[in-house]
Amino acid sequence: MTPERSGSFRIPVLYEDNHVIAIVKPPGVPSQEDETGDPDVLTLVKADLKERYAKSGNVFLGLVHRLDRPVGGVMLLAKTSKAASRLSESVRSRSFAKSYLAVTDGVPRAQAGSLRHYLRKDARTNTVTAFAEPAPDAKEALLDYRTAAASGGRALVAVRLHTGRPHQIRVQLAAIGCPLAGDRKYGERREAGKAGADIALWSAYVGARHPVTKEWLSLRALPDRQGFWKLWSPEQLALAGGVFTGERHDV
C-alpha cells in the first residue's frame, strides 16, 4: 500500500517508547525525502507523532538505517538525538542485527552459505557492480543466506547482513545467478505487469540494544501474502523469517 501525496497515510507502528519508534515501511515508500516529492517514511512518521502527541514545534526523528524504496519491512527510528547517536554507533560497530526475506529467480546451488563481494557504486546511474576480488573504489560486502523453500525455479531465502552497502542483497544474490524476483535493475527475468515496487525483498527482523535501557530489542514483521510472497505459505514465511533472529550481535 503506497500513500497518496496528501500524506493521509499512517505507517504501522511495531514498537514505541520515549526514545525510539519501530515501524513497518510499506514497499514503494522512500525512507527519506527524494527528488520525486512522494511521501516518505521520515515525513509521514513525524506528522503522525506531531498529531498523536499534539506537538506544537518541530518533531525530531533520526534515520538510523535505510531501506531501498521498493523494499518493505521493519525500520527502527530514533526519537531523540542521543538515541540517534547511540544507534548509529551500533550500526557502525555491526552490533545492529538485520535480516531479510527474499524471493529469488533461480535457486542457490548451496542451501546455505556466506557471500563476500566488493561493491562499487556508480552515482550517475545509481547502480552497483560486484567484484569477486578487491577493486578500486569498491567496498567489502558480507552476508549470510539460507534457502528456506524452493518451487518453480524460485527460492525463498533468508538473508543476514553483516555490512550495509547500497543495493547489497540485490547485487550479491544477482552475482551468484539468483537475482531478486521483480528486480528490473539487477535481474533478467521479466514479468508482465510487474512494476519496480514489486521487488521481492523484505526487512523481516531488526535487533539492537536499546540506546537508553540497554535491553535487547527484537523487532519482527512478515510481508503480506501479495505479489511474489503468495508463492509461500504463512508457515514457510514465518519459518524463513525466524532463521537469523536468534543471535544477538553484541560487542
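Owing to the predicted nature of the structure, the values given are computational and were not obtained by experimental measurement.

(A) Structural detail: the overall build of the protein. Across its full length, the protein carries four helices and 11 strands. In terms of overall size, the protein behaves like a compact globule, its C-alpha atoms giving a radius of gyration of 18 Å where 251 residues would be expected to give roughly 18 Å. Along the three orthogonal principal directions, the C-alpha set of the protein runs to about 55 × 45 × 40 Å. Relative to its 251 residues, the protein shows a buried fraction of 49%. The long-range share in the protein, meaning contacts at least 24 apart out of those at least 6 apart in sequence, stands at 64%.

(B) Representation of the nonpolar core in the model. Residues I23, V41, V45, L77, V159 and I169 are the most contacted members of the largest nonpolar core, which totals 30 residues. For this core, the secondary-structure elements that each account for two or more residues are β2 (20-25), α1 (41-52), β4 (72-78), β5 (97-105), β8 (139-151), β9 (154-161) and α3 (168-175). Broken down by element, this core gets its largest block of residues, five residues, from α1. Those residues in contact with L77 that lie beyond four places of it in its chain are H19, V20, I21, I23, V41, L42, V45, L61, G62, L63 and V64.

(C) Representation of the pattern of salt bridges within the structure. The tally for this structure, following the rule as stated, stands at 14 salt bridges. A salt bridge links R10 to E51; its shortest N-O distance comes to 3.4 Å. Placement of R10 in the segment before β1 (13-16) and of E51 in helix α1 is noted, with a sequence separation of 41 residues between them. Judged by its relative accessible area of 45%, R10 falls in the partly exposed class. Judged by its relative accessible area of 57%, E51 is exposed. The shortest N-O distance in the salt bridge between R154 and D105 comes to 2.7 Å. Here D105 lies in strand β5 and R154 lies in strand β9, a separation of 49 residues in the sequence. Each member of the pair, R154 as well as D105, carries the same accessibility label: buried. A single salt-bridge network, built from bridges that share partners, covers R10, E16, D48, E51, R52 and K79.

(D) Layout of the confidence of the model for the protein. Looking at the protein as a whole, the pLDDT averages 90, with 90% of positions reaching at least 70. For the protein, per-element mean pLDDT is lowest for α1, which scores 94, and highest for β2, which scores 98. Long-range and interchain partners of residues 1-7, a stretch whose pLDDT sits below 50, account for 15 contacts in this model, where long-range means more than four residues apart. Of the regions scoring below 50 in pLDDT, residues 247-251 engages in 14 contacts with residues more than four places distant in sequence or in other chains.

(E) Representation of the layout of surface pockets within the structure. A volume near 1200 Å³ is recorded for the largest pocket. As for the largest pocket, its lining consists of 40 residues, of which R66, L67, D68, P166 and H167 are closest to the centre. Broken down by secondary-structure element, the contributors of at least two residues to the lining of the largest pocket are α2 (81-92), β5 and α3. In terms of residue count, α3 provides more of the lining of the largest pocket than any other element does, three residues in total. Residue composition of the lining of the largest pocket, by class: 12 nonpolar, 14 polar and 14 charged.

Thresholds, definitions, all that
Residues numbered from 1 in each chain as written. Predicted model: local features only at pLDDT ≥ 70, side-chain atom pairs only at ≥ 80, totals over all residues. Heavy atoms only, no water. Helix = DSSP H or I, 4+ residues; strand = E, 2+ residues; numbered from the N terminus. Rg over C-alpha atoms; globule rule 2.2 N^0.38 Å. Buried < 20%, exposed > 50% of the residue type's maximum accessible area, 1.4 Å probe, protein only. Contact = heavy atoms within 4.5 Å. Core = buried A, V, L, I, M, F, W, Y, C linked by side-chain atoms within 4.5 Å. Salt bridge = Lys/Arg side-chain N within 4 Å of Asp/Glu carboxyl O. pLDDT = per-residue confidence, 0-100. 1 Å grid on protein atoms, 1.4 Å probe; cavity = no way out; pocket = protein on both sides within 12 Å on 5 of 7 lines; lining within 4 Å. Points joined across faces, edges and corners; volume = space filled by probe spheres on them. Nonpolar A, V, L, I, M, F, W, Y, C, P; charged D, E, K, R; others polar.

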